[in-house]
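For reference, the chains in residue letters:
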Amino acid sequence: QKQKYKKIRWMQNAIANAKRRMEVKWRDLNDEERKSAREAIDKEWASWLESGAATIIYRKDVPINKQIIRARLVLTRKEIVEQGTVIGQKFKARIVVLGFEDIRALAGGLTTDSPTVTRQASRVMLQIALSQQWRMRTGDVSVAFLRGDPLPEPLYCEIAPEVDSVGDKVVKLL
């Protein structure tokens, strides 16, 4: 009976955590939440422009043979944790380029995956660090996607309407 209760409790927690990470719809936010969400959106948009990886250009300046792919905004809530205790929530905004729409990707001529470490490789690394008694630290690279190697050729994408109303302009990713 105790084991069954633990399983049910674990499932309830897993579902609650998944719901917290789900995408938030703008229409479901109150005025205060919209203000906070707008700050997260503006911060994300600024990181795109300040990184030098993206510039805004006029649609008419996109070469005729180049495709303009869509982008969309993903807005989620993120818990603020201090010393293991949740003290609040904040919004996290991500502009997502729908790379699967790129005809080069569909034809197999473009790499669309993201380099990640396998579970096995990370465990080997941890084992080596432990056996050598190395001190380990974690870190995060903000807007890592925008700090990668330059693209072999520019990619052009729409600006998500929730991000900026720039009329006849698009983003050129370098």
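Nothing here was measured: the structure is a model prediction, and the numbers come from that model. (Residues numbered from 1 in each chain as written. Predicted model: local features only at pLDDT ≥ 70, side-chain atom pairs only at ≥ 80, totals over all residues. Heavy atoms only, no water.)

With respect to the pattern of salt bridges
Thought 1: Taken as a whole, this structure holds eight salt bridges when the rule is applied.
Thought 2: With a shortest N-O distance of 2.8 Å, R59 and E158 are connected by a salt bridge. Of this pair, R59 sits in the loop between β1 (54-58) and β2 (68-69) while E158 sits in the loop between β5 (155-157) and β6 (169-173), placing them 99 residues apart in sequence.
Thought 3: In this structure, D61 engages K60 in a salt bridge whose closest nitrogen and oxygen atoms are separated by 3.5 Å.
Thought 4: With a relative accessible area of 69%, K60 lands in the exposed category.
Thought 5: What emerges from the salt-bridge pattern is a single network uniting E23, K25 and R72. (Salt bridge = Lys/Arg side-chain N within 4 Å of Asp/Glu carboxyl O. Helix = DSSP H or I, 4+ residues; strand = E, 2+ residues; numbered from the N terminus. Buried < 20%, exposed > 50% of the residue type's maximum accessible area, 1.4 Å probe, protein only.)

Here's the deal with the environment of I41
Thought 1: For I41, the position within the fold is in helix α2 (residues 31-50).
Thought 2: Overall, the relative accessible area of 1% leaves I41 in the buried class.
Thought 3: Expressed as a C-alpha distance, the spacing of I41 and L73, which sit 32 residues apart in the sequence, is 8.3 Å.
Thought 4: Once you skip the residues sitting within four places of it in the chain, I41 turns out to touch W26, L73, L75, A93, E162 and V163. (Contact = heavy atoms within 4.5 Å.)

A few points about helix α4 (residues 119-131)
Thought 1: For α4, built from 13 residues, the straight-helix expectation of 18 Å at 1.5 Å per residue is met to within 8% by its first-to-last C-alpha distance of 18 Å.
Thought 2: Within two residues after α4, Q133 carries a phi angle of roughly 55 degrees, on the positive side. (Expected span 1.5 Å × (residues − 1).)

Some remarks on α2
Thought 1: An ideal rise of 1.5 Å per residue puts 28 Å on 20 residues; α2 measures up with 28 Å between its terminal C-alpha atoms.
Thought 2: As for α2, its buried residues are in contact with β1, β3 (71-82), β4 (85-97) and β6.
Thought 3: The backbone nitrogen of E32 lies 3.1 Å from a side-chain oxygen of the residue at the head of α2, namely N30.
Thought 4: Downstream of α2 by one or two residues, G52 has phi in the positive range, about 85 degrees. (Polar contact = N/O pair within 3.5 Å; in protein donor to acceptor, adjacent residues only side chain to side chain.)

Considerations on the pairing of β4
Thought 1: As judged from the 12 bridges shared by β3 and β4, these two strands associate in the antiparallel manner. Within β4, the position partnered with T76 by the bridge is K92.
Thought 2: Between β3 and β4, which follow one another and run antiparallel, lie two residues, and Q83 among them has a positive phi close to 50 degrees. (Pairing = 2+ DSSP bridges.)

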